[in-house]
Amino acid sequence: MLDSLIENNGPTARLVYHLRRRVAAAGVDLLYPPRCACCDSELMGNHDELLLCTDCCRSLGPETRPCCPFCGAAGAVDGVPPERCWLCRKTRLKFDKVVPLGDYHVAELHDVVLRMKRPVHESLSAAMGRLLARRRRQQLAELRPDLIVPVPMYWTRRLDRGTNSPEILARELGRTLGIAVRRRVLWRCRNTLPQAGLPPGQRFQNVRGAFRVRSGRRLRGARVLLVDDILTTGATCSEAAKVLKKAGAAMVAVAVVARAQGPNTT
Ligand SMILES: [Zn+2]
Ligand SMILES: [Zn+2]
């Protein structure tokens, strides 16, 4: 209705409409100044849609980080691409690549990942999705994903937690990169023990058979970007990638906020 009104009244009406919107937005900003989704400080001046302050962006880790070209583990590069690091060479992971935002051992990022598991911090999850898309835009674009799939949670855990950070991350990645998000392609058909409480050796066994692809969904030849908040041994994402590939996916890459590594990392 509004669109047709603007179309019928030409460029002047369009200009007035956009000016009104700008003024209204400025008014809202004045009444409710935008705040950083991480530290809640007031964002001054020309903030952008990221809604994170400069200090928080800096504290979450450097913009670029040298890492294994396959599993994204930092400081583990001992060869040139496409060589794998020692961490992923000993495990045959089923996905094709990991694109992490940063390292779980960075205290600020560690804290953010823990907060993202609570409903009160959903705006933080969204901001991290936008930061991941912005900082890793080139790597993600080079993967040429056709669709984005969040790693699903079992329904009881989702109810218990009251939020689903992989879904929020996927939504923001999709919106920023212009890629379709498919929440229902993959589902978790059985509950599993929390991976964080298990030794690395048991994590692959724990998630075996935990995912299924919904019937009727066409994945043949698709390039899939799986999204999760954290990747440690890679067991969960590897199991999900195995199922997606079995259903016809040509490529499965993983985008995560934090890459943890090592036998004692949870
Ligand atoms: Zn901040
Ligand atoms: Zn590696």
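Residues numbered from 1 in each chain as written. Chains lettered and ligands numbered in written order. Predicted model: local features only at pLDDT ≥ 70, side-chain atom pairs only at ≥ 80, totals over all residues. Heavy atoms only, no water.

Peer 1: Explain helix H4 (residues 107-115) residue by residue, including any values.
Peer 2: All of the buried residues in H4 are Leu 109, Val 112, Val 113 and Arg 115. Buried residues of H4 fall within an arc of 165° about the axis and therefore sit on the same side. In the core, the buried residues of H4 are packed alongside strand E1 (97-103), helix H5 (122-135), strand E6 (223-231) and strand E7 (251-259). (Buried < 20%, exposed > 50% of the residue type's maximum accessible area, 1.4 Å probe, protein only. Helix = DSSP H or I, 4+ residues; strand = E, 2+ residues; numbered from the N terminus. Arc of directions from axis to C-beta. Contact = heavy atoms within 4.5 Å.)

Peer 1: Account for the packing of aromatic side chains, naming residues and giving values.
Peer 2: For the coordinates displayed, the defined rule picks out two aromatic pairs. Relative to Phe 95, the ring of Phe 70 lies with its centre 6.0 Å away and its plane at 25°, an arrangement referred to as stacked. Residue Phe 70 is located in the loop between helix H2 (54-59) and helix H3 (86-89), and its partner Phe 95 is located in the loop between H3 and E1; the two are separated by 25 residues in the primary sequence. When sorted by exposure, Phe 70 lands in the same class as Phe 95, which is buried. Relative to Trp 155, the ring of Tyr 154 lies with its centre 6.2 Å away and its plane at 45°, an arrangement referred to as tilted. Judged by relative accessible area, Tyr 154 falls into the buried class, the value being 19%. (Phe/Tyr/Trp six-rings, centres within 6.5 Å; stacked < 30°, edge-to-face > 60°.)

Peer 1: Tell me what's going on with helix H10 (residues 235-246), and back it up with residues and numbers.
Peer 2: With 12 residues, H10 should reach 16 Å at 1.5 Å per residue; the first-to-last C-alpha distance of 17 Å fits that figure. Among the 12 residues of H10, nine are classified as buried, and the element is accordingly described as predominantly covered. Taken as a whole, H10 has its buried residues at Ala 235, Thr 236, Cys 237, Ser 238, Glu 239, Ala 240, Ala 241, Val 243 and Leu 244. Against the buried residues of H10 lie strand E4 (186-188), helix H9 (200-207), strand E5 (211-213), E6 and E7. In the segment just after H10, Gly 248 is the residue with positive phi, at about 120°. (Expected span 1.5 Å × (residues − 1).)

Peer 1: Describe the sheet that holds strand E3 (residues 180-181), naming the residues involved and giving the relevant values.
Peer 2: If you trace the five strands from one edge of the open sheet to the other, you get E1-E7-E6-E2-E3, paired in parallel fashion. Whereas interior strands pair on both sides, the edge strands pair on one side only; in this sheet they are E1 and E3. One ladder, built from six bridges, connects E1 with E7; its direction is parallel. Along E7, the bridge assignment pairs Lys 97 with Ala 253. Here H5 sits on the sheet and contacts E1 and E7; the angle it forms with E1, its principal contact strand, is near 115°. Taken strand by strand, H10 contacts E6 and E7, and its axis lies near 165° from that of E6. (Pairing = 2+ DSSP bridges. Axes fitted to C-alpha atoms, helices over the stretch in contact; angles between N-to-C directions.)

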